[in-house]
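Observations on chain architecture
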Amino acid sequence: MSHFNFVIPLNRDDLFEASSRNQYTVENVYNTRDLKIKLQDCTIGVQQQGAEFVLNEGFDVIFSLLQEYHKNATFDMKQQGFDIVVRGMGSLVDSLALVLNSGQLLETDDRVSQLNCMKMMLYLFCQLVEMVDMEQASAVDAVTGAKQKGKKKTNKDDDFTWDWDQERLRAVTLLYNLVQLNLNTLFDPPMMEEEVINLIASTMFKILENPVMAFQNKRDVRLSIMQVLGTVNKKYNYTLSCSLKFIQHLKHFEHLVSVLGQATEVLVKDFNCTSMVMELVREISRIDTKELARDTSGTRSYSLFLVDLAERLPESMKPSVSLLTAHLDGESYSMRKCVLGVLGEIVAKVLSGEDLDENGKDDRDSFLDCLEDHVHDIHAHVRSHVLQIWGKLCKDKCIPLSRQHSVLELAAGRLQDKSSNVRKAAVQLLTTLLESNPFAAKLQTMELEIRLKEEEVKLREMDPEETVDPVEHWNNMESKVLEGIKKELENEEETESEKVWEKATVGEICERISGFLEKNAFAKALSLLKDAQTEIPEEISFKLEETEAMEENATDDKSDEEENATDDKSDENDSDDEDTGAKKANEKTQEESQKLMKIFKKIFFTVKRTPEPSMSQSQNQSQEELNKQRMLVQYLTDSVKFSKIIHKSLPIVAQLLGSKQSTDILEAIDFFVSAFEFGVLNAMIGVRRMLALIWSRESTIKDAVVGAYKRLYINVESNSVRSASAAISQNLIALIVGATLGELTSMEKLVSEFVASKDIGKGVFTVLWEYFTGVLPGSRPEDARAAITLLGMCALSEVSLITSNIQVIVDHGLGEKGQLDFRLAQHACQALLRMVPTKLKQDDPNPPTKFEAEHQIFQQLEKLLVDGVEFKQDQHYMPMAKNALMVIYQLGESPDTFASEIIKKVCLKIRSKQQAAVTVAPAGGDWKVDTYILSRLCFLAGQVALCQLNYLDVNVFNELKRRNHMREVKVEKDKKEKKDLEKKKAKSALQRSTALETPRNANQEEDDMSCVGAEADDAEAEFIRHVCEKEILFGPTLLTALTPVILSICSNPTKYPNSDLRASASLALSKFMLVSSEFCDKHLQLLFTVLEKATEPVIRANLIIALGDLSFRFPNTVEPWTPRMYARLHDDSISVRSNTLTVLTHLILNDMIKVKGQISDMAFCIVDEDSRISGLAKLFFSELSKKGNTLYNVMPDIVSRLSDPEKGIVEDNFRMIMKYIIGLIEKDKLLESLVEKLCHRFRATRTERQWRDIAYCLSLFPYSDRSIKKLADNFPCWSDKLHEDSVYDSICVIFAGVKKGVGVAVGGAGRGEAKQLMEELETKVEEARAKGVVDHTAEKNAQAAKDGKKKGKKGGEEGARKGKRRSGEKGKKRVESSDSEEEEEEEQDDAETGPEERTGKSVDESDEEEPRGKRGKAGKRGKKIESSDEESEEVSVPEKRGGGKRGMEVEKSAKKGKKRVEEDQIDSEDDFQDKRVRRGGRKK
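Predicted model only: the values in this text are computed from it and were never measured. Per chain, residues are indexed from 1 in the order of the written sequence. Totals for whole chains, interfaces and linings use all residues, but because this is a predicted model, local features are given only for residues with pLDDT of at least 70 and pairs of side-chain atoms are given and counted only at 80 or more. As a rule here, side-chain values come from all non-hydrogen atoms in the structure, and water together with hydrogens is ignored.

What follows deals with the overall build of the protein. Across its full length, the protein holds 65 helices and 0 strands. Within the protein, contacts between residues separated by at least 24 positions form 76% of all contacts whose residues are at least 6 apart in sequence. With an accessible surface of roughly 77000 Å², the protein has 49% of that area assigned to carbon and sulfur atoms. Helix and strand labels come from DSSP, where a helix needs a run of H or I of at least four residues and a strand needs a run of E of at least two; each type is numbered from the N terminus. Whether two residues touch is decided by their heavy atoms; if any such pair falls within 4.5 Å, the residues are in contact. Methods summary: accessible areas were calculated by the Shrake-Rupley approach with a probe of 1.4 Å, and residue burial reflects only the protein chains presented.

This brings us to unusual backbone geometry. Here Asp 188 and Pro 189 are connected by a cis peptide whose omega angle stands at -5°. You can see Pro 189 is positioned in the loop between α5 (164–180) and α6 (194–208). Notably, Ser 894 is not glycine yet its phi reads approximately 50°, a positive angle. Topologically, Ser 894 is positioned in the loop between α39 (877–891) and α40 (895–920).

What follows covers the packing of aromatic side chains. Pairing of aromatic rings covers Phe, Tyr and Trp, the last through its six-membered ring, and needs centres within 6.5 Å; plane angles under 30 degrees mean stacked, over 60 mean edge-to-face, and all others mean tilted. A complete count under the given rule lists 22 aromatic pairs for this structure. Consider the rings of Phe 822 and Phe 871, whose centres lie 5.6 Å apart with planes at 85°: the pair is edge-to-face. On the criterion of sequence distance, the pair formed by Phe 822 in helix α37 (residues 822–832) and Phe 871 in the loop between α38 (856–867) and α39 is long-range, its members being 49 residues apart. Exposure classes here rest on a 1.4 Å probe applied to the protein chains alone. A residue is buried below 20% of its type maximum, exposed above 50%, and partly exposed in between. The exposure class assigned to Phe 822 is buried, which follows from its relative accessible area of 1%.

With that out of the way, let us pick up the nonpolar core. Ranked by internal contacts, the top residues of the largest apolar core, which has 371 residues, are Phe 59, Phe 1181 and Trp 1278. Discounting chain neighbours no more than four positions away, the residues touching Trp 1278 are Cys 1239, Phe 1242, Leu 1271, Ile 1291, Leu 1321 and Val 1325. Buried Ala, Val, Leu, Ile, Met, Phe, Trp, Tyr and Cys residues form a nonpolar core when they are joined through side-chain atoms within 4.5 Å. One finds Ala 504, Cys 510, Leu 529 and Leu 596 within the second-largest nonpolar core, a separate group that totals 25 residues.

Running from N to C, helix α52 (residues 1190–1202) and helix α53 (residues 1211–1222) point in directions that differ by 175°, and their axes come no closer than 12 Å. Taken together, the axis directions place α52 and α53 in an arrangement best described as roughly antiparallel. Of the residues in α53, those in contact with Leu 1191, Met 1195, Ile 1198, Val 1199 and Leu 1202 of α52 are Phe 1214, Ile 1217, Met 1218, Ile 1221 and Ile 1222. Only the stretch in contact is used when fitting a helix axis, every axis being a line fitted to C-alpha atoms; angles between N-to-C directions are given from 0 to 180 degrees. By definition in this entry, angles of less than 35 degrees are roughly parallel, angles greater than 145 are roughly antiparallel, angles of 65 to 115 are roughly perpendicular, and the rest are oblique.

This paragraph deals with the environment of Phe 871. Classification of Phe 871 as partly exposed rests on a relative accessible area of 25%. Considering only alpha carbons, one finds Phe 871 and Tyr 932, 61 residues apart in sequence, at a separation of 9.7 Å. Ignoring anything within four residues of it in the chain, the contact list for Phe 871 reads Gln 819, Leu 820, Phe 822 and Arg 936.

Right, let's get into the pattern of salt bridges. We count a salt bridge whenever a side-chain nitrogen from Lys or Arg sits within 4 Å of a carboxyl oxygen from Asp or Glu. In this structure the tally under the stated criterion is 58 salt bridges. Close ionic contact of Glu 677 with Arg 711 constitutes a salt bridge, the shortest N to O distance being 2.9 Å. Of the two residues, Glu 677 sits in helix α27 (residues 662–677) while Arg 711 sits in helix α29 (residues 699–714), which places them 34 residues apart along the sequence. Judged by relative accessible area, Glu 677 falls into the partly exposed class, the value being 32%. On the basis of relative accessible area, Arg 711 is assigned to the partly exposed category, the value being 38%.

Because each turn of an α-helix spans 3.6 residues, side chains separated by three or four positions in sequence point in the same direction. To estimate the expected span of a helix, subtract one from its residue number and multiply by 1.5 Å. In this model helix α15 (residues 333–349) runs 24 Å from its N-terminal to its C-terminal C-alpha over 17 residues, within 8% of the 24 Å that 1.5 Å per residue would give. Of all 17 residues in α15, 14 are buried; the element is thus mostly enclosed.

Within the fold, Lys 1071 resides in helix α44 (residues 1059–1075). By the counting rule applied here, Lys and Arg register as positive and Asp and Glu as negative, while His and the ends of each chain are not counted. Buried charged residue Lys 1071 carries no salt bridge. Nearest counter-charge: Asp 1109, at 9.1 Å. If we ignore the near neighbours within four places in the chain, the residues touching Lys 1071 are Phe 939, Gly 942, Gln 943 and Leu 946.

This next bit is on the side chain of Arg 423. Positionally, Arg 423 belongs in helix α19 (residues 420–435). Looking at Arg 423, its side chain comes within polar contact range of the main-chain oxygen of Lys 418, at 3.3 Å. Here the side chain of Arg 423 touches Asp 664 through a polar contact of 2.7 Å, side chain to side chain. The residues contacting Arg 423, other than those within four sequence positions of it, are Arg 414, Leu 415, Asp 417, Lys 418, Leu 656, Ser 659, Gln 661 and Asp 664. Under this definition, polar contacts are N or O atom pairs within 3.5 Å; protein pairs additionally need one hydrogen-donor-capable and one acceptor-capable atom, and for neighbouring residues in sequence, both atoms have to be side-chain atoms.

Let's shift gears to helix α46 (residues 1097–1113). When the terminal C-alpha atoms of α46 are compared, their 25 Å separation across 17 residues agrees well with the 24 Å that a helix rising 1.5 Å per residue should span. Looking only at α46, the buried set comprises Ile 1099, Arg 1100, Ala 1101, Leu 1103, Ile 1104, Ala 1106, Leu 1107, Gly 1108, Leu 1110 and Ser 1111. For α46, the secondary structure elements touched by its buried residues are α44, α45 (1077–1093), α47 (1115–1118), α48 (1122–1127) and α49 (1134–1149).

By the secondary structure assignment, Arg 1266 is in helix α56 (residues 1265–1273). Measuring from C-alpha to C-alpha, the distance between Arg 1266 and Leu 1317 comes to 10.0 Å, with 51 residues separating the pair along the chain. Discounting residues that sit within four places of it in the chain, Arg 1266 has contacts with Asp 1228 and Glu 1232.

Working definition: a disulfide is two cysteine sulfur atoms within 2.5 Å of each other. According to the stated counting rule, one finds 0 disulfides in the structure shown. Counting only cysteine sulfurs, Cys 1277 is the nearest neighbor of Cys 1239, a cysteine outside any disulfide, at a range of 6.3 Å.

Attention now goes to the environment of Leu 208. Inspection of the secondary structure puts Leu 208 in helix α6. Between the C-alpha atoms of Leu 208 and Ile 225, which are 17 residues apart in sequence, the distance is 8.4 Å. Those residues in contact with Leu 208, other than ones at most four positions away along the chain, are Met 213, Ile 225, His 255, Leu 256, Val 259 and Leu 260.

You can read pLDDT as the predictor saying how much it trusts each residue, on a scale of 0 to 100. Taken as a whole, the protein shows an average pLDDT of 79; of its residues, 80% reach a score of 70 or greater. pLDDT under 50 marks residues 610–616. Its contacts with residues more than four places away, or in other chains, come to 1 contact. Across residues 1302–1308, confidence stays below pLDDT 50; counting only partners more than four residues off in sequence or on other chains, it has 17 contacts.

Here it is as structure tokens:
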């Protein structure tokens, strides 16, 4: 049995040929028919012989099955073959275990036989396992793991009868049992062949390639495979090859990222393959960065795998970091994310402890520096990933305290990133830093700063000089003191001397000398020391001690000897006398300065020395307290700094609440909730701004807002229901106080949501009523106002809150408290108005709730309105009166009568007051009324008119419709009952006639009824309109009587200078005008006069809003005055401009006024200095662009008006406006048409500025092939403007964009055509540019030469009129340039378009436009033109360039007798037109 040697083949076909002697080859390959019989024999053979059946013909049989597996083999044959090899493998493992574990040496033949059996059985087993697993993988969904649907089975037996998951686990277990044996002894030499190891490992990796291996339910199989690989690595040194396999599989199979990460962890921890992590990292780091940037899927797998490894094995990854850092500068952003993620994991899990050594701290700092640097990475994904890493480190408490502030500043800096993902991550990091901050639970900056100052004062008291060490301080200043003393000793000039003052102590003198030294006043210190030595010679502090003096004397003796020696030498060398003297002086100065330094040092230490404590224990105790105080001061300093950075970022996060990205909004909401909970200063800004998001259409944002307010204001921790209700009420009242009108509107929606969800219940209602009535101790007036406002909001969901407490509202809101607090009465009226249904239903059988005029509500309101007129102290009368009149008209019977009685009583009150004044002073002249009373009367009159209009238009009309509807329903019901009765009576007798006639008669009656209903509605509407037009403001009515007063106030601003009075009167006038179109038409001019002439911005701002309402009500009447409304867009006041823009936006978008050329004024608002106006203008044009072709239609007018020099708009502003507006037009056809229109507009332009503007607009369009064709077709329109640099640059921008493929439709087939067309056009542009530059230069030279010639001819005459001529020539230059440009244009038209097209529209337009412009300019410059000679010469310059005698003839004819300036002007224009006629143009 040992006559052959089996070699595991690389390829299955290799077994048919032997490459060496005695190598086993397959001799018999069976077909499908024979295979069935042979498999039966193999089944018997494996039962009898075990694994040795392969040594006979069993190997060929199973090998034949492998060959036929994907061809003709049935499932039965496959299953039978698999059972055979599994049994054989089991038998092999058992037999080898007996042989190898016995400890006996095998004979050569037995060893070879066992080795062949093992290799042959292993080969068949592995091959068949791989095939079955691959087949099963193809039948399973890679995402769900379930069997794929839609594949019909051709036969009932077309599937395995086993559970493959169990069989696969069984197969892997057999391989694990095999590799556990000491297989090396079967080989000679005793070392496992590499082919056998590769065969086993390859099978394991093949199984792992199945996508279902990443599922949780395959955990047992995965662990078994890892055990096999671990054993192979450990016993047979497979680590390097295994690492390469890992890398290859990561590249091609994304699902193996987590699987191989787990496998690596098992191999390292359980099998001690410690070098494997380094090998894996080394192999990945060797991959070329360019390849990593190209292969995104493989790179992604590598990066995820490395981060997973760092999470599992951070200690093992740390030594490998140096291999990865090179990728931080690579092109692949995935690898940068990977490396940074690895660094973050290592810092979090290895370098985050308190017991780090210096090397560990250095590594941590370098890793964190790297993370900080890449917060500004070029790729948005990397930036967002780094911010997420910082957030994770913050949650794990791994950021050192010293880095908290820098990380916070980095996060705040990314809040305005252009990527929404980065902004989201930045806000998340800010929130995490805030919630995990190590400083304080409440980051209230003001309180922290106050406490910091207190603690700093305490610290200074505990140790006034705690930061100053005398020795260190002296060492720092010693060099300065020495230099200063030397300079003073060398300085022979007298300086201000310091004297010892009377009764000065030694200590005081020493302190003053020390202070002089610290202030660098060395001269004063020296002078004071010398004077002290003179005055107090016996004091030791001012002189050296004995030992120091002896040292000094010794030094002096030595110096004397040196001087003597020097003297001897000087006798020999007399020429060095001067040098020697200088040296002596220096040495003396040096000695003196050293002596003084020692004295100063002694004085300094005497002053700065600290007193010694009496006990060491007290010293230790005070030192501990001092250290604690220092730590507290440092802690508070860090807290204040942290709080200030958070506070600085609040406005930026608040801007994100208005972002278009929902992620920005959601994260900003979370941040502000956390900031508010931590007490951050001004966090309320964001909390209030969140209110507007309750109206969001996205449910996630709306739910987030509701959840945020619920968390902040509703979820209260309390022991009892009562205390919880009180806390909720306090929270909501605090939110109401100080809220704007918009915030209150949003709060209505929010509170109604809370009431509907039962988050606000009866307990809260009870507390709010107690606040309103003042029952609760300590409640303030503003609390009562806020409480009734909240109750009104709650009534949106539960009206019974108001209906059941009307008397409470009347007593406490409209009673004595209301008479003293108009705001309380105003909010009480708002609460009462909640009883009015928002929508009146026609089919409601019950009429709306109304109260009699004698009801206490109206009695109290009458008292408030009449008596309150004179209550000057409260400025909130008008808002209260507005709501009071609304209550009267909505809830009262006969409100018009009641309101007129109120106004009459007010007038009587005024009259009685006047009469009282007359009785006191009968000779006082005209009666006078206080302006505030008169303004309140005007307001009452205007508001009554408006309420009367609304009452008639809405309430009365709806009530009439309801009654008609109920009447019709009753008639229908009666008719139906009558018809049913008639049918029952005449059923048998009139059956045939009923069948013939009834349908027609019924339909006719129904039509008649519907006609009657519609006619009734029309008649009622007409009746109401007639009442409004003819009866309210005309005839013997109260409002008619008050009209002259209002008109008089509006017409006479000098007589009535009070701004409040005129504002009230003008508003009352506008409300009167809303009632009647006839009254409106009559006084519209007065209203616009007030609008334009009023000096107070508030009047103008109010009236522009009123005009918007008038435009809605009477559009045809106001339409001729629309330009005056547009004019207010240029008002000086921001509020007026803002209101005008808002009103016009609503009117235009609701199709109430036509979009005309004045819309350019709205475009001008895009560059308004106020950001709110600018944003509103952009929003308007954005919405306008969605309304069909409206914006396209007005675009040429916008361009022409804004580029008009008379408008005076700055060129940069024009570009900003057009860049935004053109970006809103997206349709290709519209863009193409605009290109053509703008090209034609070049002909009508007069100035170079207009050329530049139009060219810039053309450069903003995205060009398709058709757009480029339009541009090329209209080349003659703009070719003569190319000498202007800005025009040429804009055309080049177009070409560059087309080359890059930035066009809308420049792609695919269109790109080639567009490119060819563009190249041809580019050539033509370059030629025209060169010609235009040459011609333009020639014109300049000719003009310069002509100017010089004139100066030579005129001589002295020119000097007399020098100043006058300059201005005339400047004006004529402009005329000449435009003339020459027109002639050039016509010449090109003559050459290219032919005579037929010369009379076309564009030429006509230019012919008509230019003379008009010339006449305007010439008219202005007429007085400056001096002589006909000059004029004729200027006209002839362009003709000379054209060449020929025609120019000379024109020049001669122009030089003939023209004597006056006016004649010069007329003749020059005639000559110019004459030239046009000769050139073939049309004579005008």
